[in-house]
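Observations on the model geometry
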Amino acid sequence: MPSLATPSYDEDFYAWTQHQAAKLRTVVCDELDLLNLAEEIESLGKRDWKELRSRLNVLVMHLLKYQHQPDHRSGSWSSTIRTQRDEISTLLEQSPSLRRQVPILLTERYKTPRYNAADETGLPIGTFPEVCPWTAEQVLDEDFWPDMG
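Residues numbered from 1 in each chain as written. Predicted model: local features only at pLDDT ≥ 70, side-chain atom pairs only at ≥ 80, totals over all residues. Heavy atoms only, no water.

Once that is clear, we can look at the packing of aromatic side chains. The final tally for this structure, using the stated rule, is 3 aromatic pairs. Arranged with centres 6.1 Å apart and planes meeting at 25°, the rings of Phe13 and Trp16 form a pair that is stacked. Taken as a pair, Phe13 and Trp16 lie in helix 1 (residues 13–24) at a separation of 3 residues, close to a single helical turn. Given the relative accessible area of 15%, Phe13 is considered buried. An angle of 50° between the planes, with centres 5.2 Å apart, marks the rings of Tyr66 and Trp145 as tilted. Separated by 79 residues along the polypeptide, Tyr66 in helix 2 (residues 34–68) and Trp145 in the segment after helix 6 (136–140) bring together distant segments of the chain. What makes Tyr66 buried here is its relative accessible area of 12%. Using a relative accessible area of 22% as the deciding quantity, one classes Trp145 as partly exposed. We note Arg85 situated over the ring of Trp145; from NZ or CZ to the ring centre the distance is 5.4 Å. (Phe/Tyr/Trp six-rings, centres within 6.5 Å; stacked < 30°, edge-to-face > 60°. Helix = DSSP H or I, 4+ residues; strand = E, 2+ residues; numbered from the N terminus. Buried < 20%, exposed > 50% of the residue type's maximum accessible area, 1.4 Å probe, protein only. Lys NZ or Arg CZ within 6 Å of the ring centre and 35° of its normal.)

Have a look at this one:
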């Protein structure tokens, strides 16, 4: 079993990319462009972080719409919520260290899904809470469906 200092490629891709990039920067080898190679490996992990951020934005926007427009709930909204949760779950299985980013993203990036929900519903921005009303666990829980109240 790998130590905490050496993440496993198979167990946590994101952590592995960040660790490998850091290690490559310390190696001296005349034949390799280590700085750019490290940047490219690191960017693979950043790609997963960006995917997580994007999927959370879509998921939270649809949860907000689902909560604040119960008369407009559709199979499309439910399907989008389920799909985003499933894709996020798969991403977190491949890169478990990204899980700790979920509450951070819900706090720091909530503004985007809030404004998008207002734009898509035509409801005033004040309709939607200024901070994410749900925990990371609720957002990712396949059995959680928000209601008014």
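Further remarks concern the pattern of salt bridges. Enumeration according to the criterion identifies 5 salt bridges in this entry. Of the charged contacts, one joins Glu51 and Arg55 as a salt bridge, the two residues approaching to 3.0 Å between their closest N and O atoms. Of the two residues, Glu51 and Arg55 are both situated in helix 2; the distance of 4 residues between them amounts to about one turn of the helix. Close ionic contact of Glu120 with Lys65 constitutes a salt bridge, the shortest N to O distance being 2.6 Å. Taken together, the residues Glu120 in helix 5 (residues 111–121) and Lys65 in helix 2 connect sequence positions 55 residues apart. Given the relative accessible area of 51%, Glu120 is considered exposed. Classification of Lys65 by relative accessible area gives buried; the value is 5%. (Salt bridge = Lys/Arg side-chain N within 4 Å of Asp/Glu carboxyl O.)

Turning our eyes to something else, we now look at empty space enclosed by the protein. Rolling a probe over the atoms, with the probe sized like a water molecule, indicates the empty space that remains. Enumeration according to the criterion identifies 1 cavity of 30 Å³ or more in this entry. One number sums up the size of the largest cavity: a volume of about 50 Å³. Taken together, Arg53, Leu56, Asn57, Val60, Leu105, Leu106, Arg109, Tyr110 and Pro113 form the lining of the largest cavity. Secondary structure elements with two or more residues in the lining of the largest cavity: helix 2 and helix 4 (101–108). Ranked by the residues each element gives to the lining of the largest cavity, the list is headed by helix 2, at 4 residues. Among the residues forming the lining of the largest cavity, the class breakdown is 6 nonpolar, 1 polar and 2 charged. (1 Å grid on protein atoms, 1.4 Å probe; cavity = no way out; pocket = protein on both sides within 12 Å on 5 of 7 lines; lining within 4 Å. Points joined across faces, edges and corners; volume = space filled by probe spheres on them. Nonpolar A, V, L, I, M, F, W, Y, C, P; charged D, E, K, R; others polar.)

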